[in-house]
Amino acid sequence: MPVKYLLLLLFTVFSGLTVFSQVDSQATRGATTVEAGSVARQPAYRDSASIARWMLRRDSIRYARDSIRAVADSLNLASVKIPDPKRPNLFRDSLVRYYMVKGVDFQGWSRRFTKLSKYEEGRLRAKGELWVVAFIFVLLMLFAVLRNAFNKELSAMIHAFFSNRVLGQINKEENFFNSWPFVFLYLLFGFTIGMFLYQCGKYFQLSYGYSGVSWFFRLSFIVIGLYTLKIIIIKILGFLFDAGKIVKEYISILFMSYFNLALLFLPIVIAFSLTPARFAPYYIYLSFILIGFIFFFQFLRAITNILSGYRFPKVYLFIYLCALEICPLLILIKALRF
C-alpha cells in the first residue's frame, strides 16, 4: 500500500516538471522572437496621399468586380431568359405592308418600283449619224480624185495662195475657171463648209425646220449660192465701173482663198465627226482662227495689189468690206445663234 502512494507521488512530480519546462521554453522563445522583431521592424506611418492612393486602388478593384458581376448577370439573363415568340417584328411587318398588293391594284403596286437609283437607271449612249461618216468618205474620195487626176492644177492652186507669180500665171489661162478641177474644188469647198456648219448646229443643239441629210444639203447649197452670188455681184460692179482687170484679179484671190480654206477645213470636219463632243469647242475655235487668218491674208494681199496700181477713194473700199466681206460672216454667225 505505501508503495502505491509512493509511485503516484513520483508520477505527479514528474508530470509537473515536464509541463513547467515546456511552458518556460515557449515563453523564452516567444520573448526572443518579440525582441528580435522589435529590433528588425520599426513601426511605419503613412501620409494622406498614400492613404488616398490605397483607397482609390481598393475602390477601383471593387468597381471592377461590380462591373464584371453586372456583365455576368446580363449574360445570365440573356442566356437564361427566352425571348417572347409573340412579340411584334417591326421590320417584317414593314416589308409586308410595302410589298403587299391591296385591292388587286397591280398597276398602283408596280408604280412604287419605277423610281430607280442613279446606279440602276440607264441612259442612251450618244451616237453620231452614220450618213455623216459616209459623206465624209465621199469628200475624201473627191479629194483623192483631185490629188491623182489633177495633181498639177491642185498644186498650182495651193501655191497661188502664197505666190503672186503663180497667181498671175493662173489669171492668164482663160479656161482655168471653167475646168473640172475648178468645179471639183468648188463643190469640195461648199460641202466641207456645209458639213462644218451642220456639225456646229448639232453641237449647239439648234433646231430648224429641217434636219438630217436634207438640212446638210440645204446648208451646203446656201454656202455655194451665197459665194456664187458674191462673185456675180463683184463682176457686175467691175463691169459698171470699168474695172474688169482688177475684178478678175480679185476674184482669182477669192477662189484661191476658198479652195485652200476647203483643204484646211477637211481635217477639222473629219476630227469633228469622229471624236467625242467634248473636243468640239477646240475645233470651233480653231476654225475661227483659220477663217480670220485666211480672210485677213487675202484682203491684205488684194488691197496691196490693187492700191499699188490704182487710186480710188477709201470710202468705196470700206463700203465693199461691209457689204460683201463682213456681212456674209455675220449672217452665218447669226444663223448659228452665237
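Residues numbered from 1 in each chain as written. Predicted model: local features only at pLDDT ≥ 70, side-chain atom pairs only at ≥ 80, totals over all residues. Heavy atoms only, no water.

Q: Even after reading the chapter, I still don't get the environment of Leu142, so can you show me in this structure?
A: In this structure, Leu142 sits in helix H5 (residues 130-149). Its relative accessible area of 18% is what places Leu142 among the buried residues. Each C-alpha atom of the pair Leu142 and Leu185 lies 8.8 Å from the other, and the pair is 43 residues apart in sequence. If we skip the residues at most four places from it in the chain, Leu142 touches Phe184 and Leu188. (Helix = DSSP H or I, 4+ residues; strand = E, 2+ residues; numbered from the N terminus. Buried < 20%, exposed > 50% of the residue type's maximum accessible area, 1.4 Å probe, protein only. Contact = heavy atoms within 4.5 Å.)

Q: I tried to follow the packing of helix H6 (residues 151-160) against helix H7 (residues 164-172) on my own but got confused; where do I start?
A: Packed helix pairs are specified by the crossing angle of their axes together with the interaxial distance, meaning the distance between the axes. In the contact formed by H6 and H7, the axes pass within 7 Å of each other and the chain directions differ by 130°. One finds that H6 runs oblique with respect to H7. Viewed along their axes, H6 and H7 form a crossing whose handedness is left-handed. Here Ala156, Met157, His159 and Ala160 of H6 come into contact with H7, specifically with Val166, Leu167 and Ile170. (Axes fitted to C-alpha atoms, helices over the stretch in contact; angles between N-to-C directions. Parallel < 35°, antiparallel > 145°, perpendicular 65-115°, else oblique. Left-handed = near helix turned anticlockwise from the far one by under 90°.)

Q: Hey, could you run me through the UniProt feature "transmembrane region" (unreviewed entry) in the protein chain in this one?
A: Following the UniProt record, one finds the feature "transmembrane region" (unreviewed entry) at residues 130-150, 180-199, 219-241, 253-276, 282-303 and 315-336. Strand forms 0% of residues 130-150 and helix 95%; the C-alpha atoms that close the span are 30 Å apart. Span residues 253-276 is 92% helix and 0% strand, its end C-alpha atoms 36 Å apart. (UniProt positions renumbered as here; feature names shortened; annotations may be inferred.)

Q: Before we go on, may I ask you to explain the environment of Gly212 in this structure?
A: Its location among the elements puts Gly212 in helix H9 (residues 212-240). Along the backbone, Gly212 and Trp131 are 81 residues apart, and their C-alpha atoms lie at a distance of 8.7 Å. When residues no more than four places from it in sequence are discounted, the contact partners of Gly212 are Glu129, Trp131 and Tyr198.

Q: Explanation requested: helix H8 (residues 180-203) in the structure shown.
A: Given 3.6 residues to a turn, an α-helix orients residues that are three or four positions apart in the same direction. With 24 residues, H8 ought to run about 34 Å at 1.5 Å a step, and its terminal C-alpha atoms sit 34 Å apart, in line with that. Counting buried positions over the 24 residues of H8 gives 18, a clear majority of the element. Looking one or two places after H8, you find Gln205, whose phi comes out positive at around 55°. (Expected span 1.5 Å × (residues − 1).)

Q: It is not clear to me how the packing of aromatic side chains should be interpreted in this structure. Could you clarify?
A: Aromatic ring pairs are reported here in terms of the distance separating the ring centres and the angle at which the planes meet. Overall, the coordinates contain 30 aromatic pairs when judged by the stated rule. For the ring pair Phe135 and Phe217, a centre distance of 5.8 Å and an interplane angle of 90° mean the geometry is edge-to-face. In this pair, Phe135 sits in helix H5 while Phe217 sits in helix H9, placing the two residues 82 residues apart along the sequence. Phe135 sits in the buried class, given a relative accessible area of 14%. Residue class for Phe217 comes out partly exposed when judged on its relative accessible area of 29%. Ring centres of Phe182 and Phe259 lie 5.5 Å apart, and the angle between their planes is 75°; this geometry places the pair in the edge-to-face category. Note that Phe182 is positioned in helix H8 and Phe259 in helix H10 (residues 244-274), a separation of 77 residues in sequence. Of the two residues, Phe182 and Phe259, neither departs from the other in class, the shared state being buried. (Phe/Tyr/Trp six-rings, centres within 6.5 Å; stacked < 30°, edge-to-face > 60°.)

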